[in-house]
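# Examining the three-dimensional arrangement
Each chain is listed here by its residues.
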Protein chains: 2
Amino acid sequence: MKLITRETDYAVRALVFIAKEKKRIVSVTELVKALKIPRPFLRKLLQVLNREGVLRSYKGNKGGFLLARSASNIFLTDLMKIFQGPLELNECIFKKKICPNRGDCILRNKVGSIERRVISELGNIAINNLL
Amino acid sequence: MKLITRETDYAVRALVFIAKEKKRIVSVTELVKALKIPRPFLRKLLQVLNREGVLRSYKGNKGGFLLARSASNIFLTDLMKIFQGPLELNECIFKKKICPNRGDCILRNKVGSIERRVISELGNIAINNLL
DNA sequence: GACAAATGATACTTTTATAGTATCATTTAA
DNA sequence: TTAAATGATACTATAAAAGTATCATTTGTC
């Protein structure tokens, strides 16, 4: 039972590091040294974050990354969506239509209400809350 | 992000079905017909539930399963522990000691507090709440 | 007692998601 | 010009989840 995968976790750490450096461009080399994340893996993550508009990248020598928006506007749920897909705790059965009684499944309703609360709490956590 | 695996979900359905039959012994054959779960997979699950003291089994012709304890005393968290291991939402990093700052990791603390609430809510759900 | 219908035990295979690697092309400051 | 960076993309490895197969044993019923 894992709410946050390693990809998301690494992304958070990298973003926190970059946020702390304020407006200074930060390279993967620095991040690898500080965070001890496998280099090619981290590169992949950062490229995704760039594509998704969370980071802004600068190519070439002395290049690297900056936050594309303010740290208070990058939420944990944003990262989870990017790396883990839609936020659903109970996709397993519902999605695959195995469930013979989707509508009135009590279990699903109960889990669903817990899900909504978890998501709303996670939605309150932004990068600036983690500095 | 999946709170409940298919194994747990199937187990819940089977237990709910058995609970509804009161004290009548229920065979896998009946369960398969009613719940449309792959037979060998369901058998495996029920054998586990028997070993774990959730079900009681009766061998031989006309054999099958009964609840080993009252439906109000079989909790969703019991099944999750059996099929999904210890209830931790954030095992990923902490466990593997990748995290350079275990103690004061803000992310982990935040997720941890959400985790505790989820577990306590799940702990309130028993089989008899799902009939 | 024979037999059919059940569970017990156990090992195996398949599928999916996660985690990580490798490589070549392109950009850019010095 | 060159070294140090990112972009794009394809590949591999590992682990967890889901599902299958098989043989042994038990037991009610004819």
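Residues numbered from 1 in each chain as written. Chains lettered and ligands numbered in written order. Predicted model: local features only at pLDDT ≥ 70, side-chain atom pairs only at ≥ 80, totals over all residues.

Okay, the overall build of chain A next. Helix and strand counts for chain A come out as six helices and two strands. Its helices and strands taken in sequence order, chain A reads α-α-α-β-β-α-α-α from the N to the C terminus. The buried share among the 131 residues of chain A stands at 28%. Across chain A, the fraction of contacts at a sequence separation of at least 24, relative to all contacts at a separation of at least 6, is 61%. (Helix = DSSP H or I, 4+ residues; strand = E, 2+ residues; numbered from the N terminus. Buried ≥ 20, exposed ≤ 12 C-beta atoms within 10 Å, placed from the backbone. Contact = placed C-beta atoms within 7 Å.)

Attention shifts here to the protein's contact with DNA strand D. In the neighbourhood of DNA strand D, 27 residues make up the surrounding shell, with A:Ser57, B:Thr5, B:Arg6, B:Pro38 and B:Gly60 lying closest. Listing elements by their share of the surface near DNA strand D, those giving two or more residues are α2 (28–35), α3 (39–51) and β2 (64–67) of chain A together with α1 (6–20) and α3 (39–51) of chain B. Per-element accounting of the surface near DNA strand D gives the leading share, four residues, to α3(A). Residues belonging to the surface near DNA strand D are distributed by class as follows: six nonpolar, 13 polar and eight charged. (Near = placed C-beta within 6 Å. Nonpolar A, V, L, I, M, F, W, Y, C, P; charged D, E, K, R; others polar.)

So, about the protein's contact with DNA strand C. Near DNA strand C, the surroundings consist of 27 residues, among which A:Thr5, A:Arg6, A:Pro38, A:Gly60 and B:Ser57 are the closest. Taken together, the elements giving at least two residues each to the surface near DNA strand C come down to α1 (6–20) and α3 of chain A together with α2 (28–35), α3 and β2 (64–67) of chain B. Among the elements that line the surface near DNA strand C, the one with the most residues is α3(B), at four residues. Residues belonging to the surface near DNA strand C are distributed by class as follows: six nonpolar, 13 polar and eight charged.

Turning our eyes to something else, we now look at helix α4 (residues 76–84) of chain A. Residue and element names in this part refer to chain A. Of the residues making up α4, those classed as buried are Leu76, Asp78, Leu79 and Met80. Elements that come into contact with the buried residues of α4 comprise α1 and α6 (106–122). Where α4 terminates, the next one or two residues include glycine 85, which has phi positive at roughly 80 degrees.

Let us look at the packing of α1(B) against α3(B). Residues and elements named next belong to chain B. Put simply, α1 and α3 touch, their axes get as near as 10 Å, and they point 75 degrees apart. In terms of axis orientation, α1 runs roughly perpendicular to α3. Contact residues: Glu7, Tyr10, Ala11 and Ala14 in α1; Leu42, Leu45, Leu46 and Leu49 in α3. For the contact of α1 with α3, the per-class residue count stands at seven nonpolar, no polar and one charged. (Axes fitted to C-alpha atoms, helices over the stretch in contact; angles between N-to-C directions. Parallel < 35°, antiparallel > 145°, perpendicular 65-115°, else oblique.)

This part takes up α1(B). All names here are of chain B. In this model, α1 (15 residues) spans 21 Å end to end at C-alpha, consistent with the 21 Å of a helix rising 1.5 Å per residue. Buried within α1 we find Thr8, Asp9, Tyr10, Ala11, Val12, Arg13, Ala14, Leu15, Ile18 and Ala19. Positive phi appears at lysine 22, one or two residues downstream of α1, with a value of about 55 degrees. (Expected span 1.5 Å × (residues − 1).)

It is worth spelling out the nonpolar core at this point. A:Ala11, A:Ala14, A:Leu15, B:Ala11, B:Ala14 and B:Leu15 are the most contacted members of the largest nonpolar core, which totals 62 residues. Ignoring sequence-local partners within four residues, the contact set of B:Ala11 consists of B:Leu45, B:Leu49, B:Leu79 and B:Phe83. (Core = buried A, V, L, I, M, F, W, Y, C linked by C-beta atoms within 7 Å.)

All names here are of chain B. Inspection of the sheet shows strand β1 (residues 55–58) paired to β2 by four bridges, in the antiparallel sense. Looking at β2, one finds that serine 57 is bridged to phenylalanine 65. Two successive antiparallel strands, β1 and β2, enclose a turn made up of five residues, where glycine 60 displays a positive phi of approximately 80 degrees. (Pairing = 2+ DSSP bridges.)

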